[in-house]
Amino acid sequence: MSVPSKIVIASRESRLAMWQAVHVQGRLSELNPGSEVVILGMTTKGDQILDRPLAEIGGKGLFIKELEVAMQEGKAHLAVHSMKDVPMVMPEGFVLAAISARENPRDAFVSNKYAGLDELPAGAVVGTSSLRREAVLRAKYPQLVIKSLRGNLDTRLRKLDAGEYDAIILAAAGLIRLGLKERIKAVLTPEQSLPAPGQGALGIELVDGDAAMAGVVAPLNDARTAHCVKAERAFSRALGGSCQVPLGGYAVIDNGQLWLRGFVATADGQEMVSGEVRGEVGKIAGDDEALGLRLAAELRAKGVDAILEKLAHCK
């Protein structure tokens, strides 16, 4: 199928989102020298509502809805997302056509006064927008004060620098991509803070059935990353409640096997169920997802449904 003479990428307008879009723009321009690749910058509802935790206003889907409307209306061919911001169940009529190679998937500790979580004194204020990170912090560091932190990456760093927080926890990938690696005081290990499903990877979303664009973006797919992210997302999807769930899911390819770890917790960190599974790297469609379902079943056997029931009534 012929490649369009002009390829339009829909993107949020935050600095990190634009970096991601420009990165994909560069790759597509190299692969399709006969096409003009442009970016359509947009502001989403998730960018506009900053005074409330994300879990209260509808979740991560608020960051992609406007981009999907642009694709539906023919104003854009594709959208670029941080995979951790993509809802686990794709909206009808859209598909994830490619998952790019992962940047560092771990959480980063950022502070102007302290070198790591263990150095924070009792009562220190830590900012995060993530229920997952909040649950982990409350479970392991009950002496800390955890406060909601919304806004794009630059806004969050500004709030830290203004003294509103003693430390903040961010995705390492975003800081690295924007050339802000020096702001990272410590990269948290998966044992300290298990990453979110898809963290560090970029996803390319298309209108379902657009075979021409599927062919255009196919070279951007990184098989190793895709195996891991598909397993993580299947695990998360299997345990998704009716409201936002503090959940971590992280897979790596280790000695030729797919190693998936995951947990679900209450937001206060008082209850947590975790587990891990290993299996063959997917050779046929659905293998990676099957591993995610296996871990979800293991957590259910350990009683995770009791936590999910509580979370279902959290609104």
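Now for a look at the structure at hand. (Residues numbered from 1 in each chain as written. Predicted model: local features only at pLDDT ≥ 70, side-chain atom pairs only at ≥ 80, totals over all residues. Heavy atoms only, no water.)

Some words on the overall build of the protein
Step number 1: If you tally the helices and strands in the protein, you get 11 helices and 13 strands.
Step number 2: Taken against the 2.2 N^0.38 rule, which gives 20 Å for 315 residues, the C-alpha radius of gyration of the protein at 19 Å falls within 12% of a compact globule.
Step number 3: Taken along its principal axes, the extent of the C-alpha atoms in the protein is 60 × 45 × 40 Å.
Step number 4: The buried share of the protein, reckoned over its 315 residues, is 50%.
Step number 5: Across the protein, every contact between residues at least 6 apart in sequence was considered, and the portion connecting residues at least 24 apart equals 70%.
Step number 6: As displayed, the protein offers around 13,700 Å² of accessible surface, 50% of which is attributable to carbon and sulfur atoms.
Step number 7: In the protein, the 38 positive side-chain charges and the 38 negative ones have mean positions that sit 2 Å from each other. (Helix = DSSP H or I, 4+ residues; strand = E, 2+ residues; numbered from the N terminus. Rg over C-alpha atoms; globule rule 2.2 N^0.38 Å. Buried < 20%, exposed > 50% of the residue type's maximum accessible area, 1.4 Å probe, protein only. Contact = heavy atoms within 4.5 Å. Areas by Shrake-Rupley, 256 points an atom, 1.4 Å probe, with all protein chains shown as cover. Lys, Arg positive; Asp, Glu negative; His and termini not counted. Charge placed at Lys NZ, Arg CZ, Asp CG, Glu CD.)

Quick word on the packing of helix α9 (residues 223–238) against helix α10 (residues 287–301)
Each packed pair of helices is defined by two parameters, the angle between the axes and the distance between the axes.
Step number 1: Contact geometry for α9 and α10: axes closest at 7 Å, N-to-C directions at 40°. In the packing of α9 onto α10, the handedness of the crossing is right-handed. Facing α9, whose interface residues are H227, K230, A231, A234, F235, R237 and A238, α10 presents D288, E289, G292, L293, L295, A296, L299 and R300. (Axes fitted to C-alpha atoms, helices over the stretch in contact; angles between N-to-C directions. Left-handed = near helix turned anticlockwise from the far one by under 90°.)

Here we look at the sheet that holds strand β2 (residues 36–42)
Where strands meet in a sheet, backbone hydrogen bonds hold them as pairs that are either parallel or antiparallel.
Step number 1: The mixed open sheet is built from five strands, whose spatial order is β2-β1-β3-β10-β4. Each of the sheet's edge strands pairs with one partner strand only, and the pair in question is β2 and β4 (94–99). With direction set aside, neighbouring strand axes in the sheet form an average angle of 30°.
Step number 2: Pairing analysis gives seven bridges linking strand β1 (residues 6–12) to β2, with the strands arranged parallel. Counterpart to K6 in the pairing with β2 is E36.
Step number 3: Against the sheet, helix α1 (residues 15–31) touches β1, β2, β3 (78–82) and β10 (202–207), its axis set at about 160° to β1. (Pairing = 2+ DSSP bridges.)

Considerations on the nonpolar core
Step number 1: The biggest cluster of nonpolar side chains holds 20 residues, and the ones touching the most others in it are F235, L239, L258, L260, V264, L299 and V304.
Step number 2: Mapped onto this core, the elements with two or more residues apiece are α9, β11 (247–254), β12 (257–265), β13 (272–280), α10 and α11 (304–312).
Step number 3: When sequence neighbours within four positions are dropped, the list of residues in contact with L239 reads V245, L247, V264, A296, L299, R300, V304 and L308.
Step number 4: Core analysis: the next-biggest nonpolar cluster, separate from the first, contains 16 residues, I168, A172, L175 and L178 among them. (Core = buried A, V, L, I, M, F, W, Y, C linked by side-chain atoms within 4.5 Å.)

Considering the sheet that holds β12
Step number 1: With antiparallel pairing, three strands are arranged side by side in an open sheet as β11-β12-β13. Sheet topology places β11 and β13 at the edges, where each strand pairs with a single neighbour. Put simply, the sheet's adjacent strands are angled 15° from each other on average, direction ignored.
Step number 2: Relative to β12, β11 runs antiparallel, the two being bridged by eight bridges. Within β12, the residue paired with D254 across the bridge is Q257.
Step number 3: This element, α9, spans β11 and β12 of the sheet and lies at about 150° to β11.
Step number 4: Sheet strands touched by α11: β12 and β13. Its angle to β12, the strand with the most contacts, is close to 50°.

A word on the environment of K113
Step number 1: Within the secondary structure, K113 is located in the loop between β5 (107–110) and β6 (125–128).
Step number 2: Along the sequence, K113 and K185 sit 72 residues apart, while their C-alpha atoms lie 9.6 Å from each other.
Step number 3: Dropping the residues within four chain positions of it, K113 is found in contact with D166 and K185.
Step number 4: Separated by 2.7 Å, the side chains of K113 and D166 make a polar contact. (Polar contact = N/O pair within 3.5 Å; in protein donor to acceptor, adjacent residues only side chain to side chain.)

Regarding the layout of surface pockets
Step number 1: Estimates place the volume of the second largest pocket at around 220 Å³.
Step number 2: Forming the walls of the second largest pocket are 14 residues, and the residues nearest its centre are P190, E191, L194, F263 and S274.
Step number 3: Looking at the lining of the second largest pocket, the elements with two or more residues in it are α5 (131–140), β12 and β13.
Step number 4: When the residues that make up the lining of the second largest pocket are grouped by side-chain class, the tally is five nonpolar, five polar and four charged. (1 Å grid on protein atoms, 1.4 Å probe; cavity = no way out; pocket = protein on both sides within 12 Å on 5 of 7 lines; lining within 4 Å. Points joined across faces, edges and corners; volume = space filled by probe spheres on them. Nonpolar A, V, L, I, M, F, W, Y, C, P; charged D, E, K, R; others polar.)

By themselves these figures say nothing about function.
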